[in-house]
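# Fold and geometry: a report
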Amino acid sequence: MIPPDHPRYRSLVTREHLAESVKNGIVSMEGLTAHGRGEAFDYFLGERTTASALIAERTAAAFLMTARHPVISVNGNAAALAARGIADLQEASGAIVEVNLFHRTEERVRRIENLLRDAGADVFSGPAERLLPLSHDRAWCRREGMFSADVVLVPLEDGDRCEALVKMGKTVLAIDLNPLSRTARAATVTVVDELTRALPNITRACRDLTGEERGRLLQSLDNHYLLSEAIREMTGRLSRALD
Ligand code: ATP
Ligand code: MG
């Protein structure tokens, strides 16, 4: 039992939930280490949404709302942490929700799809094909889903696939706490924020962006600026840590 007055209560509850999700076949063992890396960067960020992350979130929403065929790609960690948040974003944006896994088994795909459906998402499932130019299992997707997408939201993505999606000409919206990762650097828009804070902000923006603001955000996108602001926030906190 984690005492609610523990100063790291939320983080400990999340860890417990992820460990449980490994036992339920949703999260891979490797997913736990990926979460740990994310936690470390979130510490540097001060575990809050920064002003530049909010701009990135609103810009991501602008892309989703103007997309022809938007897809939200979901892996085990994302489903375990935020199934409901994914369903809400789907409702606000009209995007397709598709499961895509690095450590892929049919059984895990089915479990994750069921978790998403229980949370209210309409999951695009059915037989997948090896369609992306990758040597690992993230290559598996559906022709009418991710393969045909013009805009793909990739929470907690692997760098290889992010680069492959960009090379295919897609707009890639990444949510990644590590501003130095290949994913963060290759994406069209990088949201350097924790998934469970980022999703509701993107959903809200999908609902409240005016046409004019949407256009302005799309025109003024500068991902290099968004990444350098995230790094500046982190290094600023680090350099003030012992003051
Ligand atoms: P890349 O493959 O892009 O070079 P990587 O190999 O460091 O990066 P992966 O293991 O492929 O990273 O992907 C996990 C990424 O997700 C990490 O960069 C981590 O910071 C990030 N991450 C983990 N948990 C969260 C979370 N809850 N919210 C946002 N980002 C997260
Ligand atoms: Mg990687």
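Details of the structure are given in the entry above.
Residues numbered from 1 in each chain as written. Chains lettered and ligands numbered in written order. Predicted model: local features only at pLDDT ≥ 70, side-chain atom pairs only at ≥ 80, totals over all residues. Heavy atoms only, no water.

Helix and strand counts for the protein come out as 10 helices and seven strands. Since a compact globule built from 243 residues should have a radius of gyration of about 18 Å, the 17 Å found for the protein is in line with a globular shape. A buried classification covers 53% of the 243 residues belonging to the protein. The contacts in the protein between residues at least 6 apart in sequence include a share of 66% that link residues at least 24 apart. With the model as given, the accessible surface of the protein reaches about 11,600 Å², and the carbon-plus-sulfur share is 53%. Where the 31 positive side-chain charges of the protein centre and where its 34 negative ones centre are 1 Å apart. (Helix = DSSP H or I, 4+ residues; strand = E, 2+ residues; numbered from the N terminus. Rg over C-alpha atoms; globule rule 2.2 N^0.38 Å. Buried < 20%, exposed > 50% of the residue type's maximum accessible area, 1.4 Å probe, protein only. Contact = heavy atoms within 4.5 Å. Areas by Shrake-Rupley, 256 points an atom, 1.4 Å probe, with all protein chains shown as cover. Lys, Arg positive; Asp, Glu negative; His and termini not counted. Charge placed at Lys NZ, Arg CZ, Asp CG, Glu CD.)

With that settled, consider the pattern of salt bridges. If you walk through the whole model with that rule in mind, you get 21 salt bridges. The salt bridge involving Arg138 is made with Glu157; its shortest N-O contact spans 3.5 Å. You can see Arg138 sitting in the loop between strand S3 (129-130) and strand S4 (140-141) and its partner Glu157 sitting in the loop between strand S5 (151-155) and helix H6 (159-167), a full 19 residues away along the chain. Residue class for Arg138 comes out buried when judged on its relative accessible area of 4%. Look at Glu157 and you get buried, because its relative accessible area is 8%. When the shortest N-O distance is used, the salt bridge between Glu229 and Arg232 registers 2.8 Å. With Glu229 and Arg232 both in helix H10 (residues 223-240), this residue pair falls three residues apart, about one helical turn. Taking relative accessible area as the criterion, Glu229 reaches 15% and is therefore assigned buried. (Salt bridge = Lys/Arg side-chain N within 4 Å of Asp/Glu carboxyl O.)

With that settled, consider the pairing of S5. Among the five residues that make up S5, five are buried, leaving the element largely enclosed by the rest of the structure. Both faces of S5 are covered, namely the face carrying Val151, Leu153 and Pro155 and the face carrying Val152 and Val154. Of the strand pairs in this sheet, strand S1 (residues 70-74) and S5 are connected by three bridges, and their pairing is parallel. Looking at the pairing, Pro70 lines up with Val151 of S5. The sheet contact formed by S5 and strand S6 (residues 171-175) spans five bridges and is parallel. Pairing of Leu153 across the sheet is with Leu173, part of S6. You can see the chain leave S5, run along H6 and come back into S6, and the turn it takes is right-handed. (Pairing = 2+ DSSP bridges. Right-handed = clockwise from strand over helix to strand, strands pointing away.)

Another aspect to go through is helix H5 (residues 106-118). Structural remark: α-helix, 3.6 residues per turn; residues separated by three or four positions point the same way. A rise of 1.5 Å per residue sets the reference length of H5, with its 13 residues, at 18 Å; its end C-alpha atoms lie 18 Å apart and thus fit the reference within 8%. Residues of H5 that are buried: Arg108, Val109, Ile112, Glu113 and Leu116. The arc that holds every buried residue of H5, seen down its axis, measures 130 degrees, which confines them to one face. What points out from H5, more than 90 degrees from its buried face, is the exposed set Glu106 and Asp118. Against S1, helix H4 (76-93) and strand S2 (96-99) lie the buried residues of H5. Gly120 sits one or two residues past H5 and shows a positive phi near 105 degrees. (Expected span 1.5 Å × (residues − 1). Arc of directions from axis to C-beta.)

Our focus in this paragraph is the site of ligand 1. As a structural note, the neighbourhood of ligand 1 is formed by 18 residues, with Arg37, Gly159, Asp176, Thr183 and Glu194 the closest of them. A distance of 3.2 Å separates a nitrogen atom of ligand 1 from a polar atom in the backbone of Leu177. When isolated, ligand 1 has an accessible area of 630 Å², and the protein chains bury 88% of it. When contributions to the shell around ligand 1 are tallied by element, the ones reaching two or more residues are helix H2 (29-45) and helix H7 (182-186). A per-element tally of the shell around ligand 1 places H2 first, with four residues. Its residues placed into classes, the shell around ligand 1 shows five nonpolar, six polar and seven charged. (Near = heavy atom within 4 Å. Polar contact = N/O pair within 3.5 Å; in protein donor to acceptor, adjacent residues only side chain to side chain. Nonpolar A, V, L, I, M, F, W, Y, C, P; charged D, E, K, R; others polar.)

A separate point is the packing of helix H1 (residues 9-23) against H2. To characterise two packed helices, one gives the angle between the axes of the helices and the distance between these axes. Remark: H1 packs on H2, axes separated minimally by 9 Å, with the N-to-C direction vectors making an angle of 165 degrees. By the criterion of interaxial angle, the relationship of H1 to H2 is roughly antiparallel. Considering how the two elements wind past one another, H1 and H2 form a crossing that is right-handed. Together, Ser11, Thr14, Arg15, Leu18, Ala19 and Val22 of H1 and Met29, Leu32, His35 and Glu39 of H2 make up the contact between the two elements. Classifying every residue of the contact of H1 with H2 by side-chain character gives five nonpolar, three polar and two charged. (Axes fitted to C-alpha atoms, helices over the stretch in contact; angles between N-to-C directions. Parallel < 35°, antiparallel > 145°, perpendicular 65-115°, else oblique. Left-handed = near helix turned anticlockwise from the far one by under 90°.)

Another point: unusual backbone geometry. Leave glycine aside and you will find that most residues have negative phi; peptide bonds, for their part, are mostly trans. Positioned with a positive phi, Glu47 is a non-glycine residue whose angle comes to about 50 degrees. Residue position: Glu47 is located in the loop between H2 and helix H3 (51-66). On the basis of relative accessibility, which here comes to 35%, the residue Glu47 falls in the partly exposed class.

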